[in-house]
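Now for the letters of each chain:
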Amino acid sequence: MGMKRRLMALALGAAMLLSMALAACGSGGAGGSTTAASEAATTTAATAATTAEAADSSEAATTAAEAATTAAETAAPQTETAAPDEAAGPESIPVTVFIANARVESDFSNLTKEYVNENFGLDISFISGVDNWQQKYALLVSGGDIPSFSVLPAAQYYEYASQGAYADLTDIRNNYANIMGYVTDDLWPRVTVDGRIYAIPGRNTAGKWVVSYRQDWLDNLGLKVPVTYDEYVEVMRAFTEDDPDGNGANDTYGYSSNTDAYGNIILHMFYGMYGAAPEYYHVVGDEVEIDAVSEGYKQALITFKDLYDKKYVDPEVFTQKGEQFWQKLVQGKFGSWVGWWSELSGAYSSYGFEESQPGGVLVSGPAVIGPTGMSGMTANDPMDTTVAISYKFEDPDRVLKYLDWCTTDYGYRVSRYGVEGKGFTLDANGDLDYLYSRDPDRKMADGTTVEGDPEIFCFLNRIDLYPQQLLGDTIAQQKAYEGYVSGRDNPLLLNDFLGLTSEEFQNTMPDIKKYVDEMLVKFVLGDESFDNWDAYVKEYIRLGGLEVAESLLAEYNAFYGASAHIKNYQ
Amino acid sequence: MKSYRKTPGETLFAALNTLFMAFILLVTLYPFWYIAVGSVSSVAHIFSQGMLLWPDQLSLAAYEFVIGTKGVSSALGNSAFITVAGTLLSMALTTMGAYVLSKPYLPGRKTMTLFIVVTMLFNGGLIPFYLVVKSLGMIDTIWAMMIPYAISTYNMIIMRNFLQAVPRSLEESAMVDGARHFTIFAKIYLPLSMPVIATVTLFYAVGYWNSIIPAIYFLNRRDFIPIQVILREVLIQSRPEALQFIDSATSQISENIKMALVVITVAPIAVIYPFLQKYFVKGVMVGSIKG
């Protein structure tokens with residue numbers, strides 16, 4: 001019975017994915033035709049994700065999900081292999097898996113661990129290095145103890161792949177239909193080292209950054225979520241000067257922000273307004289523009305400086321750490337910020353926003369359209385971490401089989417949210433429910449408390465299925481979905497040199513970046529005048545900025561068969 | 001003796017001094033208080049207060065959770081074992097090594113000392129160190145946390161300097177009475193060096209309790225990890241740098257639970273500190289000045 005149910009679950013899951021795509025791009029009706037379904041069946045999951053973007057409100061997406069469930073009952077194209085029979089599971093072998101950061105293991109996550117062991121014969125134990133993980137990994141490799149497989153960011157993968165640390169997957173990957181369907185064509189080149197492929201790349205969405213506001217403050221002031229730059233400045237002004245919280249004190253700011261994953265000050269929306277971000281490169285026609293010394297970047301800083309000079313920006317924006325940022329948010333010290341999409345939900349689920357700000361409402365908005373008519377947020381890398389198998393590991397097929405299963409609907413849910421019945425439920429009618437917790441008290445839907453999660457067993461993200469578990473009743477879930485959609489749907493500022501690397505880039509860029517960051521702060525604070533912009537550009541070039549760009553350009557030209565050249569900055 | 005009367009200036013100075021020291025004390029103690037209060041409060045309370053002074057509740061839920069978390073109690077046990085066994089081992093080796101090196105008539109004493117001191121300035125680097133530990137078969141054993149770190153050169157120099165200051169006539173008279181070196185060491189030198197022994201013991205114990213790097217480098221399996229590793233893992237999870245997966249900007253671990261874990265980690269070593277502190281201060285002075 002359990003076996004039958006599992007097969008059914010898989011079939012329904014597959015149908016759900018496909019019909020979600022079709023429901024979202026079509027009229028939103030549940031009666032998607034069988035022809036459309038089979039057409040959709042030939043498309044990859046990527047298309048599903050992209051088309052799902054059409055669902056721009058949570059309402060539409062809920063409809064899509066409902067439609068998907070209904071459609072799943074009628075059409076059930078079997079495009080995926082079934083989960084292996086538990087009884088027929090291969091003999092278990094111990095495998096070590098390297099992940100940079102350990103997550104807390106619990107009895108709950110152990111259920112997933114046991115499931116993987118029973119079905120795939122992989123007795124997984126994790127090796128991680130906390131904040132010394134790069135050194136830890138170097139030690140393991142040089143000591144001959146390279147883990148069975150490693151989940152690594154691209155940079156570390158390149159380094160060790162070029163030294164021959166991993167099994168060549170170029171040919172055998174073709175035996176795994178789900179993996180081949182999962183990885184989009186633009187990602188394979190990203191994991192190609194010397195013409196061979198040594199890793200399975202994970203996927204991600206590029207749109208991550210979101211601008212959020214205090215809706216209750218906007219209401220108090222009789223304002224709307226701003227769309228144009230003029231409206232935005234008015235909101236910033238009113239949040240700062242018009243006592244939006246009505247406490248009679250001049251103690252609020254319009255804008256504040258956390259720092260991003262690399263410690264950068266988050267000006268992503270301002271970069272989007274001018275189409276230039278400090279670490280990006282743009283190819284216009286045949287000419288490559290280095291954003292860090294471009295006119296657009298300068299204008300972005302001038303725009304932000306203007307808000308800063310008017311004191312609409314939290315003066316601690318350049319120095320504060322995450323904790324201070326969250327404290328100010330839940331204490332109502334600022335009314336808007338640009339942040340990672342899940343911060344909107346995190347305010348409710350992790351930092352007690354509702355309890356601290358009774359009547360307070362956070363809402364996301366679209367990326368503000370800049371003075372020149374451009375808008376957007378800087379794009380994140382659509383490639384997540386890579387999974388590479390050790391050259392020493394005797395049975396790479398066993399790992400690939402597991403990864404192949406991880407990219408199926410059922411496999412993704414089990415590996416990410418916990419085993420069926422505990423992490424999610426799927427009844428015979430195809431009704432899917434996630435029990436996964438976003439509750440501030442970490443209460444699962446069945447009432448048990450869980451800290452930690454089985455997410456560690458999910459090495460390949462299904463970004464198309466991911467939003468499903470955000471469709472819930474709690475405010476944190478709703479805000480998570482809102483943030484996700486907002487981030488996904490914002491226009492994106494792309495880096496044309498994304499994923500390219502060179503020796504010069506690795507050696508010189510850290511110093512250049514330090515200089516650029518320093519100058520950014522000086523320009524905004526007024527310690528350095530914009531009259532000295534040319535001196536800044538000169539220093540950028542003196543530090544080796546042109547050589548780095550040239551070296552990346554060589555990669556770019558070779559890769560795309562282009563013949564672009566760097567703009568003349570001398 | 002005539003009673004001494006303080007001038008107004010002196011009284012003022014004393015008062016200001018007391019105030020100033022009290023301020024320093026408060027600044028120093030507040031982080032501890034903050035963590036302790038946070039660990040029994042609700043998450044919303046922690047973030048809604050600018051300055052956390054009093055808890056909104058006295059909930060032990062966070063402690064219950066931490067104690068019940070897989071691996072925490074065994075990690076505490078590991079830490080305790082590493083601290084006790086490691087300190088005993090270190091003290092045995094350090095005192096004996098220091099005793100030998102403190103003898104002026106030891107042939108080649110200067111050269112030997114030089115060889116030892118050089119390790120304070122230069123070392124072979126991380127990877128060779130790792131390979132040595134690996135070839136000795138200590139990877140994934142609890143001994144990797146102790147044996148490679150058994151002697152701290154700095155502590156041994158402190159100890160050697162102290163022992164050098166013990167009058168040589170004590171040793172000579174014991175010799176006349178027929179005592180051999182081990183007896184002299186155990187019955188005369190050790191009892192005389194209690195201050196420095198207390199100091200160095202404390203150095204070692206605190207070092208072992210707090211050590212995290214060897215655990216990260218030398219332990220792959222989780223059987224022997226100390227509590228510090230778990231603490232670090234939990235604290236790092238909400239940081240944006242830990243952002244490997246698409247949903248990581250929000251923490252999976254509540255703030256009050258992190259604080260409870262900090263209390264559990266810090267408390268055992270903080271508790272023994274005051275008892276040894278009187279020796280601690282005196283010991284360092286004695287060792288260094290007379291050296």
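Cut-offs and rules
- Residues numbered from 1 in each chain as written.
- Chains lettered and ligands numbered in written order.
- Predicted model: local features only at pLDDT ≥ 70, side-chain atom pairs only at ≥ 80, totals over all residues.
- Heavy atoms only, no water.
- pLDDT = per-residue confidence, 0-100.
- Contact = heavy atoms within 4.5 Å.
- Core = buried A, V, L, I, M, F, W, Y, C linked by side-chain atoms within 4.5 Å.
- Buried < 20%, exposed > 50% of the residue type's maximum accessible area, 1.4 Å probe, protein only.
- Patch = residues over 30% accessible without salt bridge, like charges linked within 9 Å, V, L, I, M, F, W, Y side chains within 5 Å.
- Areas by Shrake-Rupley, 256 points an atom, 1.4 Å probe, with all protein chains shown as cover.
- Salt bridge = Lys/Arg side-chain N within 4 Å of Asp/Glu carboxyl O.
- Lys, Arg positive; Asp, Glu negative; His and termini not counted.
- Charge placed at Lys NZ, Arg CZ, Asp CG, Glu CD.
- Helix = DSSP H or I, 4+ residues; strand = E, 2+ residues; numbered from the N terminus.
- Axes fitted to C-alpha atoms, helices over the stretch in contact; angles between N-to-C directions.
- Parallel < 35°, antiparallel > 145°, perpendicular 65-115°, else oblique.
- Nonpolar A, V, L, I, M, F, W, Y, C, P; charged D, E, K, R; others polar.
- Pairing = 2+ DSSP bridges.
- Left-handed = near helix turned anticlockwise from the far one by under 90°.
- Phe/Tyr/Trp six-rings, centres within 6.5 Å; stacked < 30°, edge-to-face > 60°.

Caption draft 1: How the structure looks around the confidence of the model for chain A. Predicted confidence across chain A gives a mean pLDDT of 79, with 79% of residues reaching 70 or more. Here residues 7-87 of chain A is a poorly scored stretch, pLDDT under 50, and it has 109 contacts once near neighbours within four places are set aside; other chains count.

Caption draft 2: Fine view of the nonpolar core. Core analysis: the largest hydrophobic core is formed by 202 residues, its most contacted members being Tyr 166 and Tyr 536 of chain A. Beyond its immediate chain neighbours, meaning those up to four positions away, Tyr 166 of chain A contacts Tyr 137, Ile 146, Ser 150, Leu 152, Tyr 157, Tyr 160, Ala 161, Tyr 198, Ala 388, Ile 389, Ser 390 and Tyr 391 of chain A. Counting 20 residues, the second largest nonpolar core, distinct from the first, contains Leu 329 and Phe 334 of chain A together with Leu 52 and Met 259 of chain B.

Caption draft 3: Expanded view of a negative patch on the surface. Residues and elements named next belong to chain A. Judged by side-chain charge, Glu 503, Glu 504, Glu 547 and Glu 550 come together as a negatively charged surface patch. Sorting the residues of the negative patch by element identifies helix H19 (503-525) and helix H21 (545-560) as the ones contributing at least two each. As for its placement among the helices and strands, Glu 547 is situated in helix H21.

Caption draft 4: Highlighting the packing of helix H16 (residues 396-406) of chain A against helix H17 (residues 409-417) of chain A. Residue and element names in this part refer to chain A. With their axes 6 Å apart at the nearest point, H16 and H17 run at an angle of 95 degrees to one another. Viewed along their axes, H16 and H17 adopt a mutual orientation that is roughly perpendicular. Along the contact surface, H16 presents Tyr 402, Trp 405 and Cys 406, while H17 presents Tyr 410, Gly 411, Tyr 412, Val 414 and Ser 415. Considering only residue class, the contact of H16 with H17 consists of six nonpolar, two polar and no charged.

Caption draft 5: Molecular detail of the pattern of salt bridges. Residue and element names in this part refer to chain A. Per the counting criterion, the structure on display carries 25 salt bridges over all chains. A salt bridge links Arg 462 to Asp 464, with the nearest nitrogen and oxygen atoms 2.9 Å apart. We note that Arg 462, like Asp 464, is buried. Between Asp 517 and Lys 513 there is a salt bridge whose closest N-O contact spans 3.0 Å. With Asp 517 and Lys 513 both in helix H19 and four residues apart, the pair spans about one turn of that helix. For Asp 517, a relative accessible area of 25% gives the class partly exposed. Here the salt bridges do not stand alone but share partners, grouping Glu 234, Arg 237, Glu 241 and Asp 242 into one network.

Caption draft 6: Expanded view of the sheet that holds strand E3 (residues 149-152) of chain A. All names here are of chain A. Spatial ordering of the open sheet is given by E2-E1-E3-E14-E6, a layout of five strands whose pairing is mixed. Taken across any chain shown, the strands that pair with only one partner, and hence form the sheet edges, are strand E2 (122-127) and strand E6 (199-203). Ignoring which end each strand starts from, the neighbouring axes of this sheet average 25 degrees apart. Sheet topology note: the strand E1 (residues 93-99)/E2 ladder contains six bridges and is parallel. Looking at E2, one finds that Ile 93 is bridged to Leu 122. Across the sheet, H16 lies against E1, E2, E3, E6 and strand E14 (383-389), angled at about 150 degrees from E14, the strand it touches most.

Caption draft 7: Representation of unusual backbone geometry within the structure. At Asp 194 of chain A, a residue that is not glycine, the phi angle is positive and equals roughly 50 degrees. Mapped onto the elements, Asp 194 of chain A comes out in the loop between strand E4 (192-193) and strand E5 (196-197). Asp 194 of chain A sits in the exposed class, given a relative accessible area of 70%. The backbone of Asp 140 of chain B shows a phi angle near 65 degrees, a positive value even though the residue is not glycine. Examined against the element boundaries, Asp 140 of chain B turns out to sit in the loop between helix H6 (126-135) and helix H7 (153-164).

Caption draft 8: Highlighting the packing of helix H5 (residues 107-120) of chain A against H16 of chain A. Residue and element names in this part refer to chain A. Where H5 meets H16, the closest approach of the two axes is 11 Å, and the angle between their N-to-C directions is 125 degrees. As judged from the angle between their axes, H5 and H16 are oblique. Judged by the twist between their axes, the crossing of H5 over H16 is right-handed. For the pair H5 and H16, the contacting residues are Tyr 115, Val 116 and Phe 120 in the first and Arg 398, Lys 401, Tyr 402 and Trp 405 in the second. Classifying every residue of the contact of H5 with H16 gives five nonpolar, no polar and two charged.

Caption draft 9: Representation of the sheet that holds strand E11 (residues 334-340) of chain A. All names here are of chain A. On the basis of which strands lie adjacent, the open sheet formed by four strands has the order E8-E11-E7-E12 and mixed pairing. Two strands lie at the open edges of the sheet, namely strand E8 (253-256) and strand E12 (362-365), each paired on one side alone. Neighbour-to-neighbour, the strand axes of the sheet open up by a mean angle of 25 degrees, direction not taken into account. Against the sheet, helix H13 (residues 322-330) engages strand E7 (209-214), E8, E11 and E12, with an angle of about 140 degrees to E11.

Caption draft 10: Here's a closer look at the pairing of E11 of chain A. Residue and element names in this part refer to chain A. Most of E11 sits inside the fold, with seven of its seven residues counted as buried. Both E7 and E11 contribute to a ladder of five bridges, which runs antiparallel. Residue pairing across strands places Ser 212 opposite Trp 337, the latter belonging to E11. Direction of pairing for E8 relative to E11: parallel, over a ladder of three bridges. Paired with Ser 256 across the bridge in E11 is Trp 337.

Caption draft 11: Spotlight on the packing of aromatic side chains. Residue and element names in this part refer to chain A. Counted under the stated rule, the structure contains 53 aromatic pairs over all chains. On the numbers, 5.9 Å between centres and 45 degrees between planes, the contact of Tyr 271 with Tyr 297 is tilted. Of this pair, Tyr 271 sits in helix H11 (residues 268-274) while Tyr 297 sits in helix H12 (residues 295-309); the two residues are 26 residues apart in sequence, bridging distant segments of the chain. Note on accessibility: Tyr 271 and Tyr 297 belong to one class, buried.

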